[in-house]
Amino acid sequence: MNTRTESDSMGDIEVPADRYWGAQTQRSLQNFAIGEERMPPAVVHALALVKKAAARSNRQLGNLDEQIAGLIEQAADDVLSGELGEHFPLSVWQTGSGTQSNMNINEVIANRANELAGQPLGGKQPVHPNDHVNKSQSSNDTFPSAMHIAAAIETREKLVPAVTALRDELHTQAERHARLIKIGRTHMMDATPVTFGQELSAFVAQLDMGLQAVNAALPQVYTLAQGGTAVGTGLNTPPRFASLFAEEVASLSGLPFTSADNKFAALTGHEPLVQLHAACKQLAVTLMKLANDFRLLGSGPRAGFAELRLPANEPGSSIMPGKVNPTQCEALSMIACQIQGNDVTLGIAASNGQLQLNVFKPVIIHTLLQSIRLLTDGCDSFRRNCLEGVEPDEQRMREHLDNSLMLVTALNPVIGYDKAADIAKKAYKEGSTLKQAALQLGYLDEKAFDEAVRPEQMLGDQTAS
């Protein structure tokens with residue numbers, strides 16, 4: 001391997017010649033060869049956005065030379081374009097402040113900027129990774145700012161659209177099947193009738209609540225720690241840098257980022273991300289219910305409920321010919337399990353900051369972004385590969401409805417609870433219909449029974465919208 005010599009405060013170290021990173025990134029690769037999880041690209045891009053906004057702010061404040069600021073911006077744009085992804089190899093399992101990843105971006109941008117200026121890699125001229133790319137910053141405020149930027153962008157651009165699309169498809173189908181009557185079930189037992197539209201409308205409302213929770217969490221995520229530097233005091237940061245930086249990030253991202261009012265809290269606590277992940281967990285809870293209900297309603301095709309025909313996307317067994325399984329439901333429910341576990345991880349990590357700094361930052365953002373990604377992909381996959389192709393089996397629904405003993409509930413106002421219970425028990429014991437049992441007991445005649453037991457009149461005034 002061809003190498004070049006890079007240096008930091010600890011001395012010289014050999015770095016692959018074709019890589020833009022420098023000494024501190026190389027030391028991190030050697031010291032933290034842990035696991036397969038790498039710092040998420042969303043964090044790398046957020047860090048590049050931080051460096052670009054910082055260069056602009058420092059230039060406006062007269063704190064950075066025009067040429068150097070321009071080179072930093074240009075190199076940051078190369079990172080944001082995705083062209084330099086291979087130059088960010090660090091593990092999530094590194095220092096708890098994310099210092100190595102902050103230096104990784106500093107070194108890559110500096111070396112790329114110097115290359116653009118016609119200088120060799122590793123020379124730190126004219127752009128220095130610490131003195132220029134990291135100017136007016138500390139890892140302790142840069143990394144949490146990048147965490148918030150990455151989380152907000154991924155949530156707004158990916159998660160919210162995916163959940164909304166799933167919600168809208170459910171709403172469309174709820175309206176389409178607003179008059180399709182079926183038996184309701186509680187405690188996994190027959191209950192009184194509902195329409196399939198009403199059944200689906202519950203998920204529409206539940207996803208609406210999840211989206212409301214996400215949107216309620218975002219305002220605090222839009223607040224940035226930048227300007228607090230090492231411990232929240234803003235040492236070595238010029239006046240107005242924090243507010244100017246937030247304005248630049250807002251302009252570059254199109255999102256309403258602001259400077260955090262209390263930088264000490266922004267460094268030592270991560271409650272905004274805890275709240276956002278709590279909303280992710282809420283969505284996961286809803287998706288688990290959705291997956292399980294579709295799995296139950298589609299069970300069969302002959303020995304289960306079989307009220308839904310789920311799309312047959314792939315063979316379901318290596319030994320049973322013709323078997324098809326509810327695979328999209330299974331994938332979505334596994335995602336829900338992972339996210340609920342992630343919430344425990346994130347909560348523990350966020351609660352363990354010591355004194356002026358939380359040092360669990362990489363695992364917090366890794367966990368949060370994984371949940372956002374899984375929710376996004378899971379909603380898209382379930383919508384495309386299951387929900388859009390699902391078909392209710394109207395005949396099967398009608399059979400279950402007609403055979404249900406719980407239609408007897410409509411007789412409560414007519415003959416009372418006790419006599420209605422007698423009818424249900426007799427019909428169940430003898431395998432007869434409710435009408436046959438009612439007539440045999442002599443509790444009411446056929447006309448009165450038919451007038452009282454009408455499923456279409458047992459649906460209440462609830463709509464599917």
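Up top you'll find the structure we're talking about.
The residue numbers shown here count from 1 along each chain, following its written sequence. Predicted model: local features are reported for residues with pLDDT of at least 70 only, side-chain atom pairs are reported and counted for 80 or more only, and whole-chain, interface and lining totals are derived from all residues. Each side-chain value is worked out from all heavy atoms of the structure, with water and hydrogens disregarded.

A.B. asks: Please clarify how the overall build of the protein should be interpreted in this entry.
C.D. replies: Secondary structure counts use DSSP, requiring at least four H or I residues in a row for a helix and at least two E residues in a row for a strand, with both numbered from the N terminus. The helix and strand inventory of the protein stands at 17 helices and eight strands. Considered along the principal axes of its C-alpha atoms, the protein spans approximately 100 × 50 × 35 Å. Scored against the burial criterion, the 465 residues of the protein give a buried share of 52%. Only heavy atoms matter for contacts: two residues are in contact if any of them lie within 4.5 Å across the pair. Counting contacts in the protein only where the partners sit at least 6 residues apart, residues at least 24 apart contribute 72% of the total. Here the accessible surface of atoms and residues is derived via Shrake-Rupley with a 1.4 Å probe, and residues count as covered only by protein chains that are part of the display. Surface exposure of the protein reaches about 21,200 Å², of which carbon and sulfur atoms provide 50%. Note on exposure labels: buried denotes an accessible area under 20% of the residue type's maximum, exposed denotes more than 50%, and partly exposed covers the range between, all computed with a 1.4 Å probe on protein chains only.

A.B. asks: Sorry, what's going on with the packing of aromatic side chains here?
C.D. replies: The geometry of an aromatic ring pair is captured by the separation of the ring centres together with the interplanar angle, meaning the angle of the planes. Side-chain rings of Phe, Tyr and Trp (the six-membered ring for Trp) are treated as a pair once their centres are within 6.5 Å; stacked means planes under 30 degrees apart, edge-to-face means over 60, and tilted covers the remaining angles. Inspection of the entire model under this criterion finds three aromatic pairs. Here Y222 and F257 contribute two aromatic rings whose centre-to-centre distance is 5.5 Å and whose plane-to-plane angle is 90 degrees, an arrangement assigned as edge-to-face. With Y222 in the loop between α7 (196-221) and β5 (223-224) and F257 in the loop between α8 (241-253) and β6 (258-259), this pair connects stretches of sequence that are 35 residues apart. A residue is classified by how much of its surface remains accessible, and F257, at 4% relative accessible area, is buried.

A.B. asks: For this particular structure, what's the right way to read the nonpolar core?
C.D. replies: Grouped burial of nonpolar side chains is what soluble globular proteins tend to show. Counting 102 residues, the largest nonpolar core has V79, I149, L166, L170, F294, L368 and F382 as the members making the most contacts within it. Contact partners of F382, with chain neighbours within four places excluded, come to L166, L290, F294, Q328, C329, L332 and L387. By convention a nonpolar core is built from buried Ala, Val, Leu, Ile, Met, Phe, Trp, Tyr and Cys residues, the set being connected through side-chain atoms within 4.5 Å. With 22 residues, the next largest nonpolar core counts L401, V408, A410 and F449 among its residues.

A.B. asks: Just to check I follow, could you spell out the state of the cysteines for this structure?
C.D. replies: When the sulfur atoms of two cysteines share a covalent bond, that bond is a disulfide. Cysteine sulfur atoms that pair up within 2.5 Å are treated as a disulfide. Enumeration over the complete set of coordinates arrives at zero disulfides. For C337, which is in no disulfide, the shortest distance to another cysteine sulfur is to C329 and amounts to 13 Å.

A.B. asks: How should I be thinking about the packing of helix α10 (residues 271-297) against helix α12 (residues 361-385) in this particular structure?
C.D. replies: Axis angles are defined between N-to-C directions and span 0 to 180 degrees, where every axis is a line fitted to C-alpha atoms and, for a helix, only to the segment in contact. Relative orientation of the contacting elements α10 and α12 amounts to 30 degrees, with a least axis distance of 10 Å. Judged by the inter-axis angle, α10 sits roughly parallel to α12. Classified by chirality, the crossing of α12 by α10 is left-handed. Where α10 approaches α12, its residues L273, L276, H277, C280, L283, A284, L287, L290 and F294 are matched on the opposing element by I364, T367, L368, S371, I372, L375, C379 and F382. In this classification, the charged set is Asp, Glu, Lys and Arg, the nonpolar set is Ala, Val, Leu, Ile, Met, Phe, Trp, Tyr, Cys and Pro, and all remaining amino acids, among them Gly, are polar. When the residues that make up the contact of α10 with α12 are grouped by side-chain class, the tally is 14 nonpolar, three polar and no charged. Each angle gets one of four labels, with under 35 degrees taken as roughly parallel, over 145 as roughly antiparallel, 65 to 115 as roughly perpendicular, and the rest as oblique. With the far helix as reference, a near helix turned anticlockwise by less than a right angle produces a left-handed crossing, and one turned clockwise produces a right-handed crossing.

A.B. asks: Is there a simple way to think about the pairing of strand β1 (residues 3-8) in this case?
C.D. replies: Moving residue by residue along a regular strand, the side chains alternate between the two faces of the sheet. Only one face of β1 is buried: it carries R4, E6 and D8, and the other face, with T3, T5 and S7, is open. In short, DSSP must find at least two bridges between two strands for them to pair. Pairing of β1 with strand β2 (residues 11-16) involves six bridges; the strand directions are antiparallel. The residue of β2 that forms the bridge with T5 is E14.

A.B. asks: Help me understand the pattern of salt bridges in this model?
C.D. replies: If charged atoms from side chains of opposite charge come close, those side chains can pair. Here a salt bridge means any side-chain nitrogen of Lys or Arg lying within 4 Å of a carboxyl oxygen belonging to Asp or Glu. This structure, assessed with the given rule, holds 29 salt bridges. A salt bridge links R167 to D208; its shortest N-O distance comes to 2.9 Å. Remark: D208 occurs in helix α7 and R167 occurs in helix α6 (residues 139-176); sequence separation between them is 41 residues. Residue K281 is joined to D343 by a salt bridge in which the shortest nitrogen-to-oxygen separation is 3.4 Å. Here K281, found in helix α10, pairs with D343, found in helix α11 (residues 327-350); they are 62 residues apart in sequence, far enough to count as distant. For K281, a relative accessible area of 32% puts it in the partly exposed group.

A.B. asks: It is not clear to me how helix α3 (residues 66-80) should be interpreted in this structure. Could you clarify?
C.D. replies: Expected span of a helix: the number of residues minus one, times 1.5 Å. The end-to-end C-alpha separation of α3 is 21 Å, in line with the 21 Å expected for 15 residues at 1.5 Å each. Regarding α3, the residues found buried are I68, A69, L71, I72, E73, A75, A76, D78 and V79. Those residues of α3 hidden inside the fold are in contact with α2 (41-60), α4 (99-116) and α5 (129-133). Polar contact is the term for a pair of N or O atoms within 3.5 Å; when the atoms are in protein, one must be able to donate a hydrogen and the other to accept it, and sequence-neighboring residues count only if both atoms are side-chain atoms. The N-terminus of α3 is capped by D65, whose side-chain oxygen sits 2.8 Å from the backbone nitrogen of Q67. After α3 finishes, the residue G82 shows a positive phi value of roughly 90 degrees.

A.B. asks: When you look at the packing of α2 against α8 in this model, what are you seeing that I'm missing?
C.D. replies: If you want to describe how two helices pack, look at the angle between their axes and the distance between the axes. Interhelical geometry of α2 versus α8 gives an angle of 130 degrees and a closest axis separation of 9 Å. Considering their axes alone, α2 and α8 lie oblique with respect to each other. Between α2 and α8 the crossing geometry is right-handed. Taking contact as the criterion, the partners of L49, V50, K52, A53, A54, R56, S57, N58 and Q60 in α2 are, on α8, F241, L244, F245, E248, V249, L252 and S253. Class assignment for the residues of the contact of α2 with α8 results in nine nonpolar, four polar and three charged.

A.B. asks: I would appreciate a short explanation of the environment of V50 in the present structure.
C.D. replies: Position of V50 relative to the elements: it lies in helix α2. Classification of V50 by relative accessible area gives buried; the value is 0%. V50 sits 96 residues away from A146 along the chain, and the two C-alpha atoms are 6.7 Å apart. Excluding anything up to four places from it in sequence, V50 contacts Q137, T142, S145, A146, I149, Q226 and F245.

A.B. asks: Teacher, can you tell me more about unusual backbone geometry here?
C.D. replies: Negative phi is the rule for most residues except glycine; trans is the rule for most peptide bonds. Here the bond from Q125 into P126 is cis, since omega is 5 degrees, no more than 30 degrees from zero. Looking at where P126 falls in the secondary structure, it is placed in the loop between α4 and α5. Backbone torsion omega between G300 and P301 reads 10 degrees, so that peptide bond is classified as cis. Among the structural elements, P301 can be located in the loop between α10 and β7 (308-309). Positive phi is not limited to glycine here, since M188 has a value of about 65 degrees. Along the chain, the position of M188 falls in the loop between β3 (181-186) and β4 (189-195). Taking the relative accessible area as the measure of exposure, M188 reaches 53% and is therefore exposed.

A.B. asks: Sorry if this is basic, but what is going on with the pairing of β4 here?
C.D. replies: Pairing of β3 with β4, which is carried by five bridges, proceeds in the antiparallel orientation. Each residue of the ladder has a partner; that of K182, found in β4, is V194.

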